[in-house]
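# Summary of structural features
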Amino acid sequence: MTPDIFELRHTDFSLAEDELAVREAFREFFTEQCPANRVRASEPLGFDARLWRQAAELGAATMGLPESLGGDDAGLLLLVIVAEEAGAVLAPVPFAEHTAASRAVAQFAAGAAGAGPARARDALLSVAERPLTLMPQPVTALMSALAPAGAVARDVLALDGDELVLLHAQEPPPLMQNQGSTPLAQWAVREGVSRTVIASGGDAVTGYATACAEWRLLTAAALVGLTRAALGLAVDFSKSRETMGVPIGSLQGVAFPLVDVEIGVSGARNLVRKAAWLADNEPGEHPGLSEAAFAYAAQVATHGATTAAHMQGGLGFTVEADASLYFLRAKGWSVLGGDPARAVRAVGDALIARVLNK
Amino acid sequence: MELSAVTLDSEQQAFAARVRGFLTEHVTPEVLEHERVTGDGFNEQVHLALGERGWIMPTWPAERGGAGLDPVRARILELEMRRARTPDVTLGTTRAVAAAVRRYADPSVREDLLRGAAVGTVRFCLGYTEPDGGSDIAAAKVRAVRDGDEWVINGSKIFTTGAHNSQHTFLITRTDPELPKHKGLTMFLVPLNAPGVEIQAIRTFGGERTNVVYYGGVRVSDACRLGGVNEGWSVLRGPLNAEHGIHDDDGGHALTMGLGWLSAVELARALDVAAEWAVTPGPDGARPADDPYVRYRLGQVAIDLEAAVVTPGLMGRVKGSEALISGAAALTDLLGPAGVLSEGTPPAPGGGQVDFAHRFAQGTATYGGTVEVYRTMIAQHVLGLPRPAYPGAKVLVQRKR
C-alpha cells in the first residue's frame, strides 16, 4: 500500500486493442439486451436466467477460468472491464460472485482424485445454467449467513475455520428480499445441503483471500459502472430540464455536484484497473490495493447515486425514475461483503505492516 | 494498459546516480532552510547549477542550452528534484513561458532570452491575476497604450509569484477595451528592472512568498510584445494549457506532472510521517497503530492518496488538491497537538511535515486556476453540460462608479 510515490512507473491507463474489443463487445451486449425494463422485470429476485445464459454464450461465465476447464484464461483486468459494463446497466446476473468463486474453485478442481476435486469439477459443469457464489466474509462453523447470489446458486464457496468448503444444494434457499434486489439468501449446513472440503490449511486461507479480493475488485468495477450510468442519467436530465429560462445543468449548484461524481468515477475506475493490472502482473506485491479500490468505489457509488437522484429533484426520488434503480443498488451491492469501512481499516493495516517491515 | 516499473539500463542508472549526487551537493540543508524561511520558490545558486548541466530545459538539445534528455531521463530528473525538494517554482514558470517566447518573441531578442532561460540567468514569471480579478484572466484591466515605438503600461498584478526572482514577467494587458473581452488583449514580456515597476512581497500561510507588482507608466519597446496586438489570448493559451496540464501531444501526458500530482506528493509525505508516528511506541510502550481506529484513519487517507494519483486529467487536478486538503486535516487531527507543532520544533513528527501539509494544502486549490475553474471545465468539456450565460463572459463588464 502507498508505494513509493517517486517510483518510476509507466502510467498508461489507455486500453489496448484486445481490452477495448472486450469492452465494446460487452458494452454492446449489455446495452442491447438489458434495458431498464428488463432490470425491473427481474425484481425482486434480481436474476434473469436467460440474460445469464446469453452472457455465458459470449463467454462471461467462463472467460476467467483456465483453458483446461473450458475458459479463456482472462486476467482480472479484462474481468473488471466486463464487470463495469454489467454494472452500468444493472444487469441482473451475479457476474462478480460467480467469477470470483469459480476461479477459486477451478484452482482445486484439477488433478487428484477424491471428494473435493470431484465436487469442484461438478460445480463447474453447468455454469451457464447455474452460477456459483461465495460468502465474502469468513463464517463461523457455518452458522447461517447471508450469501450474495445465494438464492440462485447451487454451490457456495466459504471459509470455515481453515477449511475451504463448497456447500451444495439441489435447490437454493429462498430469496431474502432486499433494498438492492439482489438474490440474497441464507445458507447454512442443514438438511439437503452438503459440505465438501476442497482445500485446507494455508492453501485454503490463501485461496479464499484471493477469491474475496477478486470479488471486491469485480464488485468495485460494477459500482463504477453503476455510478457512471447514474451520472449519465442526471447529466441528460440537467441538460433538458429548465428553470428560470436556463437548463439547470448550466447552474453551478447542479453542475458542480455532478462534476464531483465524475471526479470520483474516473478515479475509482483507474484505481480498480490499477489494482487488477497489478494483481495480474505482480500478484501478492501490493497488499491493500483491492481493499482501497473497493472502499473508494463504494464511497463514490454511495455519494454518486445520491447526487444523481437528487439532481433530478422529486422525480429522481420516484420509483418510476431509472435513477431509483441505481440508487437502491448502490448500497445494495456495496454492503454484500459487510461494512465497506472494514476495507478502509484493512488499507490502514497494510500501510502499518509495510512501515513495520521496512 | 501499462503500469510496469520502468527498468533502467546501466546508463540510465548512472544518470540517476549523477542527478542524485548533484542534488545532494547543491540542495543542501541550508538551501532547504532558506526556502522554509523565505518561501522564495527559487535558489539562484541551485538554479544556475542546474542551468550549467542543461537541466533547466532538460529536453532541449545541447546547442540550445538544454541537455537533450529523452523522456525517461527527463522524468528521472523531475522525480529526483521533487524528492530532494528542490525549490522550483520559478523554474516552472520560466519553462511555461519559454514556449511562448520561442514562438512569438521578436527575433532581435528571442535567442538571447531563450539562451539565458536555459542557462539560468533569465527567469520568467506569470503576470496574470489582478487585485480585483481572480481566476478570470481574460478580464485583465492592466492597460498598455501605444506611444510611437513604445508602449506605456499602467495598473497592477497580484500573485506574480517569483517576480523578485525573475528578469521578465509574461504580462497580459488590455490594449483595446472596446473589443470583446478575449479580443482586446496583448501579451508583453516586461523587463522587471524597468522604471515604474514596483514589486511588493506577499506571504501566505502556506509558507510561500508571492508578490503584488505595480506598473506606473512603465515604458517598454515594441520588441517586448509577444504576438499580434489584440491577439494576446492565443499567445497565452499555450502556457496556460501547460499550467492546466493540457497537452497537445497525447503521449506526453503520462510523463507530466500536474498540480494534482504535486499535491499528492505532499500528502504522501505527510502520510509517511503519520505512519511512522503510528508505529512509534509511546512512554507506556503502546503504539498508536495498536488502536484499530488509528489504522482506520490512516487507511482513509491512503485511499484518497491512491485515488488522487490515478484520477486522470482535469479531474486529477481537483482530486489531488482536495485529497491533500482533507487528508492533511485528518492527519493533523490524528496527531493531536503534535500535529500542529511548527517545522523546526524538535518534537514535531517528521520535522513538522503534517503541520506544513495542512497549511500548504489550501493554496493548491487556488493557484494555477482554482478548483472551481477546473470544475467548470469538467462540466463543459467532460460532461458536456451547457455553458452558463454570464454577463461578463464575452465582454468586459466595467463596474459603474
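Please refer to the structure higher up on the page.
This one's a predicted model, so the numbers in the text were calculated from it and none came from an experiment.

A few words now on the interface of chain B and chain A. Across the boundary between the two partners, chain B contributes 59 residues, which contact 57 residues of chain A. Here chain B meets chain A over a buried area of about 5100 Å², counting both sides, of which 71% is carbon and sulfur. Three residues stand out in chain B for area buried against chain A, namely Met1(B), Leu3(B) and Glu306(B), and they jointly supply 17% of the buried area on that side. Summed over the shared surface of chain B and chain A, the result is four salt bridges. For Lys274(A), the salt bridge identified is with Glu306(B), shortest N-O distance 3.5 Å. The element that contributes the greatest number of residues to the side of chain B that touches chain A is helix 9 (residues 292–310) of chain B, accounting for 14 residues.

Our next topic: unusual backbone geometry. Residue and element names in this part refer to chain A. Residue Glu43 is joined to Pro44 through a cis peptide bond whose omega torsion reads 0 degrees. Looking at the element boundaries, Pro44 is found in the loop between helix 2 (36–41) and helix 3 (49–57). Backbone geometry places Leu90, a non-glycine residue, at a positive phi of 55 degrees. On the basis of relative accessible area, Leu90 is assigned to the buried category, the value being 2%. We note that Ser181 has phi near 45 degrees; this positive angle belongs to a residue other than glycine. The exposure class assigned to Ser181 is buried, which follows from its relative accessible area of 12%.

With that out of the way, let us pick up the pairing of strand 1 (residues 124–127) of chain B. All names here are of chain B. Burial of strand 1 is two-sided: the residues Phe124 and Leu126 facing one way and the residues Cys125 and Gly127 facing the other way are all buried. For strand 1 and strand 4 (residues 168–174), the ladder comprises four bridges, and the chain directions are parallel. Its bridge partner being in strand 4, Leu126 is matched across the sheet by Phe170.

Turning next to the packing of aromatic side chains. All names here are of chain A. Applying the stated rule across the entire model yields nine aromatic pairs over all chains. Ring centres of Phe26 and Phe30 lie 6.1 Å apart, and the angle between their planes is 35 degrees; on these two criteria the pair is classed as tilted. You can see Phe26 and its partner Phe30 sitting in helix 1 (residues 17–33), four residues apart, about one turn around the helix. We note that Phe26, like Phe30, is buried. Each ring, one from Trp215 and one from Phe294, has its centre 6.2 Å from the other, and the planes form 40 degrees; the classification is tilted. Placement of the pair is Trp215 in helix 7 (residues 202–240) and Phe294 in helix 9 (residues 289–310), with a sequence separation of 79 residues. Residue classification places Phe294 among the buried positions, given a relative accessible area of 4%.

Rules used in this analysis
Per chain, residues are indexed from 1 in the order of the written sequence. Written order decides the labels, with chains lettered from A and ligands numbered from 1. Whole-chain, interface and lining totals are the exception, using all residues; otherwise, since this is a predicted model, local features are given only for residues with pLDDT of at least 70 and side-chain atom pairs are given and counted only at 80 or more. In computing side-chain values, all of the structure's heavy atoms are included and hydrogens and water are not. Two residues qualify as a contact provided that any one of their heavy atoms is within 4.5 Å of a heavy atom in the partner residue. When two parts are brought into contact, each loses some accessible area as probed by a 1.4 Å sphere; the total of that loss over both is the buried area. In the sections that follow, a salt bridge refers to a side-chain nitrogen of Lys or Arg positioned within 4 Å of a carboxyl oxygen of Asp or Glu. The helix count covers DSSP runs of H or I at least four residues long, the strand count covers runs of E at least two residues long, and both are numbered beginning at the N terminus. Each residue gets one of three labels from its accessible area relative to the maximum for its type: buried under 20%, exposed over 50%, partly exposed in between, using a 1.4 Å probe on protein chains only. Paired strands are those between which DSSP finds at least two bridges. The aromatic pairing rule takes the rings of Phe, Tyr and Trp, using the six-membered ring of Trp, and pairs them if the centres are within 6.5 Å, calling planes under 30 degrees apart stacked, those over 60 edge-to-face and the rest tilted.

Remember, this is a structural readout, not a statement about activity or role.
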